[in-house]
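The residues making up each chain are set out below.
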Amino acid sequence: PLTSLSELSSLNDRLSFTERRFLSPAGLPHRKYFKSIKQAPGLYLGYGAESFPGVTQAISDGEWEVAQEQANVAAKRVMAAAAYLSGKEEEQEGG
């Protein structure tokens, strides 16, 4: 349980900024301008979104090495988000 206003404020800040941890500075394969590893429009879906688009698209395209690389990137970003949300990692610019 939260025991002070400062703990509550700290948790609120972490909740607000956790999304940044899901950004990959390199962007997605074939779409470097999309930085989120959690969701992005599919290459062939128009505005339809894909979850974990780097992994999903690579599997759909049969690019197994890219799929593994993107799975590693996704795992790293999810772990970074979990560490940040739990308060074990401080906010850093650039993700």
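Residues numbered from 1 in each chain as written. Predicted model: local features only at pLDDT ≥ 70, side-chain atom pairs only at ≥ 80, totals over all residues. Heavy atoms only, no water.

**Q** Account for the overall build of the chain, naming residues and giving values.
**A** Looking only at helices and strands, the chain has three helices and two strands in total. Going from N to C terminus, the chain has its helices and strands arranged as α-β-β-α-α. Taking 12 Å as the expected radius of gyration for a compact globule of 95 residues, we find that the chain reaches 16 Å, considerably beyond that expectation. Relative to its 95 residues, the chain shows a buried fraction of 27%. Intrachain contacts of the chain at a sequence separation of at least 6 include 38% that bridge at least 24 residues. In the form shown here, the chain has an accessible surface area of approximately 6,300 Å², with 60% of it arising from carbon and sulfur atoms. Computed over 10 positive and 12 negative side-chain charges, the separation of the two mean positions in the chain equals 2 Å. (Helix = DSSP H or I, 4+ residues; strand = E, 2+ residues; numbered from the N terminus. Rg over C-alpha atoms; globule rule 2.2 N^0.38 Å. Buried < 20%, exposed > 50% of the residue type's maximum accessible area, 1.4 Å probe, protein only. Contact = heavy atoms within 4.5 Å. Areas by Shrake-Rupley, 256 points an atom, 1.4 Å probe, with all protein chains shown as cover. Lys, Arg positive; Asp, Glu negative; His and termini not counted. Charge placed at Lys NZ, Arg CZ, Asp CG, Glu CD.)

**Q** I'd like to hear about the packing of aromatic side chains, residue by residue, with values.
**A** Tallied over the full model, the rule gives one aromatic pair. With centroids separated by 5.0 Å and ring planes inclined at 55°, the aromatic side chains of Tyr-33 and Phe-34 adopt a geometry described as tilted. Above the plane of the ring of Tyr-84 lies Arg-21, whose end atom (NZ or CZ) is 4.7 Å from the centre. When the ring centre of Phe-22 is taken as reference, the NZ or CZ atom of Lys-38 above it lies at 4.8 Å. (Phe/Tyr/Trp six-rings, centres within 6.5 Å; stacked < 30°, edge-to-face > 60°. Lys NZ or Arg CZ within 6 Å of the ring centre and 35° of its normal.)

**Q** Any chance you could break down helix 3 (residues 64-86) for me, citing the residues and the numbers?
**A** Between its terminal C-alpha atoms helix 3 stretches 33 Å, which fits the 33 Å expected from 23 residues at 1.5 Å a residue. For helix 3, the full list of buried residues reads Ala-67, Gln-70, Ala-74, Arg-77, Ala-80, Ala-81 and Tyr-84. Structurally, helix 3 contributes buried residues whose contacts are with helix 1 (5-17) and helix 2 (53-60). (Expected span 1.5 Å × (residues − 1).)

**Q** Can you break down the side chain of Gln-70 residue by residue, with the values?
**A** Relative to the elements of secondary structure, Gln-70 occurs in helix 3. Those residues within four positions of Gln-70 in sequence are excluded, and the remaining contacts are Leu-28, Pro-29, Gly-54 and Val-55.

**Q** Now, about the confidence of the model for the chain: what can you tell me, with residues and values included?
**A** Model confidence for the chain is summarised by a mean pLDDT of 89, while 92% of its residues fall at 70 or above. For the chain, the element scoring lowest by mean pLDDT is helix 1, at 88; helix 2 scores highest, at 96. (pLDDT = per-residue confidence, 0-100.)

**Q** Account for unusual backbone geometry, naming residues and giving values.
**A** Even without a glycine there, the phi angle at His-30 is positive, about 70°. Position of His-30 relative to the elements: it lies in the loop between helix 1 and strand 1 (39-41). For His-30, a relative accessible area of 53% corresponds to the exposed category.

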